[in-house]
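# What the coordinates show
Letter by letter, the chains look like this.
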Amino acid sequence: MTSKVEMISVVIPTLNEAGNIVEAVTTIQKDLAYPKEIIIVDGNSTDGTKEIVKELGFCKLIIEPRRGYGLALMTGMKKAKGNIIIMVDGDGTYEVRHMNRMIAKMVEKDVDMVLATRMYDPNKAMGLMNFIGNKVITFFFDFFYSQFLSDTQSGFRAISHEAIDNVELKANDMAYATEMLMQFAKEGYTMIEVPTTYKSRKYGRPKLRRFKSGIEIFSTMFRGILNADTIRKCQENWKKNRFK
Ligand SMILES: Nc1nc2c(ncn2[C@@H]2O[C@H](COP(=O)(O)OP(=O)(O)OP(=O)(O)O)[C@@H](O)[C@H]2O)c(=O)[nH]1
Ligand SMILES: [Mg+2]
C-alpha cells in the first residue's frame, strides 16, 4: 500500500539511447512534482548515452555492463532510496508526463503498483506484432493469476518500494516485467492501470527480440503456475482485494 509519497526514485535502463534520453530525463526533472532522484542504469552504451547523462549532471549514473533489461532494473532498484519507484524506458516511447497522474492514483487508491496501460492510446503507436503478442500474454496472465490488466508488458510502472523488496525476482531479461506481476499477484499486492499515450521509437533500435522474449515470458509464466498453490493464492487474493 502506498498512502503517501516521501520520495520517488525513477529508474531508467538505457542501452544506446543517446537520441532519446535527454528529452525523457529533462521532462521528468521539470515535471515530476515530488522529491525525486533519477537513476540511469546504462549497459555501457557506445553511442554517447553515458556522456550525455554525466553532462546533464542531475541524474545518478550506474554502469551495469552485464546484459539484460531485468538485470539493469534490479541493479537500479537496489540503489533506490525512494518509498516509490518508477520504472520507465529511456527510449522516449512512454510519455513521462503521465507520472504525476500515476502517482496521484497510487496514493488515492492506496495500491502497490500503478501500470501505464497503452491500450487506450488514441495514436495506436504500438506495432501490430507487439500488440498481438502483448494481448496473448496478457490474456493468459489475467486468466491464471486472477487479474484484470490490459497491458502486462508495460515497462512504465509506479511501484511500492516495500512491496518490490518483498518479492523474489530472478528474470534478468524481458520476462522481468511479467515475473514482477506474477509475484505481486501471488503475494496479494494490489495493481491498477492508468491509461497513457505512447509514441513509436524515434532513434535507435529496439533491444527486444520478439521471438526470444516471447519464449522467455511464456516459460516464466507457465513455470509459475506449475505450482498449484499459486493459482489458489491468486484467486484468494483477488477475492480479498476486490472491494478495496
Ligand atoms: N542497461 C541496459 N538497458 C537495456 C538493456 N536492454 C534494453 N535496455 C533498455 O531498456 C529499455 C527497453 O528496451 P527497448 O529496446 O526499448 O525494448 P522495447 O520497449 O520492447 O522496444 P521498442 O518497441 O523499441 O521501444 C530501453 O530504454 C533500453 O535502452 C540492457 O541489456 N541493459
Ligand atoms: Mg521501448
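For the structure, check the block above.
One structure accompanies this document, and this report is about it.

About the thresholds
- Residues numbered from 1 in each chain as written.
- Chains lettered and ligands numbered in written order.
- Predicted model: local features only at pLDDT ≥ 70, side-chain atom pairs only at ≥ 80, totals over all residues.
- Heavy atoms only, no water.
- Salt bridge = Lys/Arg side-chain N within 4 Å of Asp/Glu carboxyl O.
- Helix = DSSP H or I, 4+ residues; strand = E, 2+ residues; numbered from the N terminus.
- Buried < 20%, exposed > 50% of the residue type's maximum accessible area, 1.4 Å probe, protein only.
- Near = heavy atom within 4 Å.
- Polar contact = N/O pair within 3.5 Å; in protein donor to acceptor, adjacent residues only side chain to side chain.
- Areas by Shrake-Rupley, 256 points an atom, 1.4 Å probe, with all protein chains shown as cover.
- Nonpolar A, V, L, I, M, F, W, Y, C, P; charged D, E, K, R; others polar.

## A few points about the pattern of salt bridges
Within this structure, the stated rule accounts for 15 salt bridges. Its salt-bridge partner being Arg 201, residue Asp 91 comes within 3.4 Å of it at the nearest N-O pair. Of this pair, Asp 91 sits in the loop between strand S4 (84-87) and helix H4 (99-109) while Arg 201 sits in the loop between strand S7 (191-195) and helix H8 (210-226), and the two are 110 residues apart along the sequence. Judged by its relative accessible area of 8%, Asp 91 is buried. Residue class for Arg 201 comes out partly exposed when judged on its relative accessible area of 23%. Here Glu 108 ties to Lys 105 by a salt bridge, and the two come within 3.7 Å at their closest N and O atoms. Here Glu 108 pairs with Lys 105, and both are found in helix H4, just three residues apart, close to one helical turn. Glu 108 gets classed as exposed once you look at its relative accessible area, which sits at 55%. Via salt bridges that share partners, Asp 229, Arg 232, Lys 233 and Glu 236 belong to a single interconnected network.

## Some remarks on the site of ligand 1
Around ligand 1 there are 20 residues in total, and Glu 17, Gly 68, Asp 91, Arg 201 and Lys 207 lie nearest to it. The separation between an oxygen atom of ligand 1 and a polar side-chain atom of Glu 17 is 2.5 Å. At 3.1 Å from a nitrogen atom of ligand 1 is found a main-chain nitrogen or oxygen belonging to Gly 43. Coverage of ligand 1 by the protein chains reaches 91% of its 630 Å² of free accessible surface. Put simply, the parts of the chain that give the shell around ligand 1 at least two residues each are strand S1 (8-14), strand S2 (36-42) and helix H3 (69-79). Grouping the amino acids of the shell around ligand 1 by side-chain chemistry returns eight nonpolar, five polar and seven charged.

Interpretation in functional terms is not warranted from these geometric data alone.
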